[in-house]
Amino acid sequence: MAAYQKGGMVRAEINAILAEEFCQELLAPVNAVYKDEKARLLE
């Protein structure tokens, strides 16, 4: 818990796992907007 609270790579990895496993339905609209915006900016 201390490593997570400190932040950095540990927090990022745990957040990525949680997002991948548990939040796909909730994050899908956000990911879609992110991907669209990223593509638009890279044009």
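The coordinates are above.
Rules used in this analysis
- Residues numbered from 1 in each chain as written.
- Predicted model: local features only at pLDDT ≥ 70, side-chain atom pairs only at ≥ 80, totals over all residues.
- Heavy atoms only, no water.
- Helix = DSSP H or I, 4+ residues; strand = E, 2+ residues; numbered from the N terminus.
- Buried < 20%, exposed > 50% of the residue type's maximum accessible area, 1.4 Å probe, protein only.
- Contact = heavy atoms within 4.5 Å.
- Polar contact = N/O pair within 3.5 Å; in protein donor to acceptor, adjacent residues only side chain to side chain.
- Salt bridge = Lys/Arg side-chain N within 4 Å of Asp/Glu carboxyl O.

A. Local environment of the environment of R11. Examined against the element boundaries, R11 turns out to sit in helix α2 (residues 9-22). Residue classification places R11 among the partly exposed residues on the basis of a relative accessible area of 31%. When the C-alpha positions of R11 and M1 are compared, they lie 9.4 Å apart, and in sequence the two are ten residues distant. Beyond its immediate sequence surroundings of up to four residues, R11 is in contact with Y4 and Q5. A polar contact is formed between the side chain of R11 and the backbone oxygen of Y4, at a distance of 2.9 Å. In terms of polar contacts, R11 uses its side chain to reach the backbone carbonyl oxygen of Q5, at 3.1 Å.

B. Just the pattern of salt bridges, in detail. Taken as a whole and assessed by the stated rule, the structure comprises one salt bridge. In this structure, the salt-bridge partner of R40 is E37, at a minimum N-O distance of 2.4 Å. With R40 and E37 both in helix α3 (residues 24-42) and three residues apart, this pair spans about one turn of that helix. Judged by its relative accessible area of 48%, R40 falls in the partly exposed class.

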